[in-house]
Amino acid sequence: MITLGHYVAVSGILFSLGLMGVIVRKNVLVIYMCLELMLTAAMLAFVAFSRFIGNIDGQVMVFFIITVAAAEVAVGLGIIVAWFRLRRSTSVADINNLRF
Amino acid sequence: MSSDEALLILNAALFWVVAVGAVTTSLLVVLNRNPVASALSLVATMVLVAMLMIQTGAFFLGTVQILVYAGAVMVLFLFIIMLLDLKAESGKVWNLWGLLAGAFVAAAVGGVLFFLAGYFSDTVDVTALEAGKQDDVRLLGLELFGRFAPHVLVVGFLLLVAMAGVIILGQQTKQTRQLPTSGQEVAK
């Protein structure tokens, strides 16, 4: 029998794996992908709660999360490309200056 | 075996296969050295999570997840990875303390969320939901363009601002072209 708890558990595992990736990895792009993983885990929890409670508001929230995440990815990748042009690196170890 | 029981078992089997697949592929995202392999693993994770959403009856959001995330966002990621021509990280990638700290924090947060999930384990089965009988696209549309219409406008404006910001970020100014390139020590 698959209940709401199962979906929330999967969402929690995915979220913590994404968090681990953000802490462990050094490549900015991979860290960004792990952030996306955390957002996806949160969306899964929203959808599961929305469906099991029978209230559509959670799904509206997920719709907005998808939109904002798309904008965030565009801006974030723009910043990464601009920064790569300056230093030829995507390692967080090289991001140590506030001004160039 | 009645058809209800068969449906129950089929749904449970589907859930476990997809859930284990999603966790495995997300682990691959974290562990792969090659960014392209990480990105492709993330595409697989997105598709599997979309399958979980569809299983609960959120057909529209599952479809949008595949179209926008696995389709648009991840293609953008792959495009950038190939544009920057990133190679797989070589040499010592795993810093022991970083790995330990990451595993500890992830285990702590994941453990809390996992035990929290136990509180919802006495709810109804997923097959007992009104899945398929309910018109989720229509309901979502009515809410989005009714009660949440101003929010939709604000989000549209946000996308416009993001687009303008990316165009400004992407411009090559005279100053950025003069700066040192290809691994040289930056002159102070």
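Going by the structure above, here's the rest.
Just so it is clear, the structure is predicted and the values come from calculations on it, not from any experiment. (Residues numbered from 1 in each chain as written. Chains lettered and ligands numbered in written order. Predicted model: local features only at pLDDT ≥ 70, side-chain atom pairs only at ≥ 80, totals over all residues. Heavy atoms only, no water.)

Caption draft 1: A look at the overall build of chain B. Looking only at helices and strands, chain B features seven helices and zero strands. Of the regular secondary structure in chain B, the N- to C-terminal order runs α-α-α-α-α-α-α. Going through the 188 residues of chain B one by one, you find that 30% of them count as buried. Expressed as a percentage of contacts within chain B between residues at least 6 apart in sequence, the contacts between residues at least 24 apart total 63%. When the accessible surface of chain B is summed, it comes to about 11500 Å², and 72% of that surface belongs to carbon and sulfur atoms. (Helix = DSSP H or I, 4+ residues; strand = E, 2+ residues; numbered from the N terminus. Buried < 20%, exposed > 50% of the residue type's maximum accessible area, 1.4 Å probe, protein only. Contact = heavy atoms within 4.5 Å. Areas by Shrake-Rupley, 256 points an atom, 1.4 Å probe, with all protein chains shown as cover.)

Caption draft 2: Seen up close, helix 2 (residues 35-56) of chain B. Residue and element names in this part refer to chain B. Taking 1.5 Å per residue, 22 residues should reach 32 Å; helix 2 reaches 32 Å between its end C-alpha atoms and fits that length. The opening residue of helix 2, the one whose side-chain oxygen lies 3.1 Å from the backbone nitrogen of Val36, is Asn34. Gly57, located one to two residues past helix 2, shows a positive phi value of around 105°. (Expected span 1.5 Å × (residues − 1). Polar contact = N/O pair within 3.5 Å; in protein donor to acceptor, adjacent residues only side chain to side chain.)

Caption draft 3: Representation of the interface of chain A and chain B within the structure. Contacts between the two partners involve 67 residues from chain A and, on the opposite side, 92 residues from chain B. Summed over both sides, the interface of chain A with chain B buries roughly 7000 Å², with 79% coming from carbon and sulfur. Linking chain A with chain B are one salt bridge, by the criterion used here. With its nearest N and O atoms 2.7 Å apart, the salt bridge here joins A:Asp57 to B:Arg147. (Buried area = accessible area lost by both parts, 1.4 Å probe. Salt bridge = Lys/Arg side-chain N within 4 Å of Asp/Glu carboxyl O.)

Caption draft 4: Expanded view of the packing of aromatic side chains. Per the counting criterion, the structure on display carries seven aromatic pairs over all chains. Arranged with centres 5.0 Å apart and planes meeting at 70°, the rings of A:Tyr7 and B:Phe15 form a pair that is edge-to-face. Taken together, the positions of A:Tyr7 in helix 1 (residues 4-24) and B:Phe15 in helix 1 (residues 3-31) put the pair across two chains. Grouping residues by exposure puts A:Tyr7 and B:Phe15 together as buried. Consider the rings of B:Phe15 and B:Trp16, whose centres lie 5.3 Å apart with planes at 80°: the pair is edge-to-face. You can call B:Trp16 partly exposed: its relative accessible area is 46%. Chaining the aromatic ring pairs together yields one cluster made of A:Tyr7, A:Phe52, B:Phe15 and B:Trp16. (Phe/Tyr/Trp six-rings, centres within 6.5 Å; stacked < 30°, edge-to-face > 60°.)

Caption draft 5: Representation of the pattern of salt bridges within the structure. Applying the stated rule across the entire model yields two salt bridges over all chains. Here B:Glu143 and B:Arg147 are joined by a salt bridge, their closest N and O atoms 2.8 Å apart. The network of salt bridges with common partners includes A:Asp57, B:Glu143 and B:Arg147.

Caption draft 6: Looking closely at the packing of helix 2 (residues 28-53) of chain A against helix 3 (residues 59-84) of chain B. Put simply, helix 2 of chain A and helix 3 of chain B touch, their axes get as near as 12 Å, and they point 175° apart. Between helix 2 of chain A and helix 3 of chain B, the crossing angle belongs to the class labelled roughly antiparallel. Along its contact with helix 2 of chain A, which presents A:Leu29, A:Tyr32, A:Met33, A:Glu36, A:Leu39, A:Thr40, A:Met43 and A:Val47, the element helix 3 of chain B presents B:Leu61, B:Gln65, B:Tyr69, B:Val73, B:Met74, B:Phe77, B:Ile80, B:Ile81 and B:Leu84. Tallied by class, the residues present in the contact of helix 2 of chain A with helix 3 of chain B amount to 14 nonpolar, two polar and one charged. (Axes fitted to C-alpha atoms, helices over the stretch in contact; angles between N-to-C directions. Parallel < 35°, antiparallel > 145°, perpendicular 65-115°, else oblique. Nonpolar A, V, L, I, M, F, W, Y, C, P; charged D, E, K, R; others polar.)

Caption draft 7: Representation of the side chain of A:Thr3. Its location among the elements puts A:Thr3 in the segment before helix 1. With relative accessibility at 2%, the residue A:Thr3 sits in the buried group.

Caption draft 8: Looking closely at the nonpolar core. A:Tyr7, A:Leu29, A:Met33, B:Phe77 and B:Leu84 are the most contacted members of the largest nonpolar core, which totals 66 residues. For this core, the secondary structure elements donating two or more residues are helix 1, helix 2 and helix 3 (57-87) of chain A together with helix 1, helix 2, helix 3 and helix 5 (136-145) of chain B. Broken down by element, this core gets its largest block of residues, 13 residues, from helix 2 of chain A. Ignoring sequence-local partners within four residues, the contact set of A:Tyr7 consists of A:Ile2, A:Leu44, A:Ala48, A:Phe52, B:Phe15, B:Leu52, B:Gln55, B:Thr56 and B:Val126. (Core = buried A, V, L, I, M, F, W, Y, C linked by side-chain atoms within 4.5 Å.)

Caption draft 9: Here's a closer look at helix 4 (residues 96-117) of chain B. Helix length check: helix 4 of chain B (22 residues) gives 31 Å between terminal C-alpha atoms against 32 Å at 1.5 Å per residue, within 8%. Listed as buried for helix 4 of chain B are B:Gly102, B:Ala106, B:Gly110 and B:Ala117. Down the axis of helix 4 of chain B, the buried side of the element spans an arc of 45°, and every buried residue falls inside it. Exposed residues on helix 4 of chain B whose side chains face more than 90 degrees from its buried face are B:Leu96, B:Trp97, B:Phe104, B:Val112 and B:Phe115. Tucked into the core, helix 4 of chain B has its buried residues touching helix 1 of chain A. (Arc of directions from axis to C-beta.)

Caption draft 10: Broad picture of the side chain of A:Ser11. Along the chain, A:Ser11 turns up in helix 1. Of the residues examined, A:Ser11 reaches a relative accessible area of 7% and is grouped as buried.

Caption draft 11: Structural context of unusual backbone geometry. Residue A:Arg88 is not a glycine yet carries a positive backbone phi of 55°. As for its position among the elements, A:Arg88 is in the segment after helix 3.

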